Amino acid sequence: MSIANAVRKLIEKTGTCDPFRICKELDIIVVKQSLGSETRGLIRKYKRSYIICINSDMDEFHQLRTCCHELGHYALHKNINTLFLRTCTYLKIDKHEMEAEAFADTMMNELFKNL
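One numbering rule holds for all chains: residues counted from 1, following each sequence as written. Given that the model is predicted, a residue must reach a pLDDT of at least 70 before its local features are reported, and side-chain atom pairs must reach 80 or more before they are shown or counted; all residues, however, enter totals for whole chains, interfaces and linings. To obtain the side-chain values, all non-hydrogen atoms of the structure were included, while hydrogens and water were left out.

Below, the discussion takes up the side chain of Glu70. Relative to the elements of secondary structure, Glu70 occurs in helix H3 (residues 60–76). Only protein chains enter the accessibility calculation, which uses a 1.4 Å probe; a residue is then buried when its area is under 20% of its type maximum, exposed when over 50%, and partly exposed in between. Positive residues here are Lys and Arg, negative ones are Asp and Glu, while His and the chain termini are left out of the count. Note on definitions: salt bridges are taken to be side-chain nitrogens of Lys or Arg within 4 Å of carboxyl oxygens of Asp or Glu. Lacking a salt bridge, the buried Glu70 has Arg44 as its closest oppositely charged neighbour, with an N-O distance of 6.8 Å. Apart from the residues within four sequence positions on either side, Glu70 is in contact with Gly41, Leu42, Ile43 and Ile52. Secondary structure elements follow DSSP: runs of H or I of four or more residues count as helices, runs of E of two or more count as strands, with numbering from the N terminus. Contacts are residue-level and defined by heavy atoms, with any inter-residue pair within 4.5 Å sufficient.

Time to look at unusual backbone geometry. The bulk of non-glycine residues show a negative phi, and the bulk of peptide bonds are trans. At Asp27, a residue that is not glycine, the phi angle is positive and equals roughly 60 degrees. Among the structural elements, Asp27 can be located in the loop between helix H2 (19–25) and strand S1 (29–33). The class of Asp27 is exposed, set by a relative accessible area of 62%. Despite not being glycine, Lys47 has its phi angle at roughly 55 degrees, a positive value. Structurally, the position occupied by Lys47 is in the loop between strand S2 (41–46) and strand S3 (49–55). Among the residues examined, Lys47 registers a relative accessible area of 67% and is labelled exposed.

This structure, assessed with the given rule, holds three salt bridges. With its nearest N and O atoms 3.2 Å apart, the salt bridge here joins Arg65 to Glu101. Taken together, the residues Arg65 in helix H3 and Glu101 in helix H5 (residues 94–113) connect sequence positions 36 residues apart. Residue Glu101 is classed as partly exposed on the basis of its relative accessible area, which comes to 32%. The residue Glu110 makes a salt bridge to Lys113 at a minimum N-O spacing of 3.1 Å. Residue Glu110 and its partner Lys113 are located together in helix H5, separated by three residues, close to a single helical turn. When salt bridges with common partners are traced through the structure, they connect Arg65, Glu101 and Asp105 into a single cluster.

Helix span, as expected, comes to 1.5 Å for every residue beyond the first. Here H3 is 17 residues long and its end C-alpha atoms lie 24 Å apart, about the 24 Å a rise of 1.5 Å per residue gives. Counting buried positions over the 17 residues of H3 gives twelve, a clear majority of the element. Considered for burial, the residues of H3 that qualify are Gln63, Leu64, Arg65, Thr66, Cys67, Cys68, His69, Glu70, Leu71, Gly72, His73 and Tyr74. Of the surrounding elements, those touching the buried residues of H3 are helix H1 (3–14), H2, S1, S2, S3 and H5. Here a polar contact is taken to be a pair of N or O atoms separated by no more than 3.5 Å, where protein atoms must pair a possible hydrogen donor with a possible acceptor and residues adjacent in sequence count only if both atoms sit in side chains. Regarding H3, its N-cap is Asp59, as a side-chain oxygen of that residue lies 3.1 Å from the backbone nitrogen of Phe61 further along.

A few words now on the pairing of S3. When you tally the buried positions in S3, you get five out of seven residues, the bulk of the element. Strands qualify as paired when DSSP identifies two bridges or more between them. The pairing of S1 with S3 spans five bridges and is parallel. Bridged to Gln33 within S3 is Asn55. Note: S2 against S3, six bridges, orientation antiparallel. Bridge pairing in S3 places Arg44 opposite Ile51.

The values reported here are purely geometric and, on their own, carry no functional implication.
Spelled out as structure tokens, the structure:
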């Protein structure tokens, strides 16, 4: 599935292009907290729930974009633990990050197109 199709599918499923409303519709918990200067956000699966953490030290625009990026991981890489790959293996995760960035770009374009 292409990234544009993944974005469209998520928007159609939830009836919105607002990433925070999408999270609410999909029962993804969003937590805003200080994550230090190196981390913008992350997504984790805990038991049967997904949790997106967003760095509260960023401005609203960057929090919005980070939510889109983390939704990209949800939509495209749901069963991949990138933290494990980054810290416990020699596998590169650049491809996953680039895909999540492209997903965020596409979602942001949809969001601003509908304002």
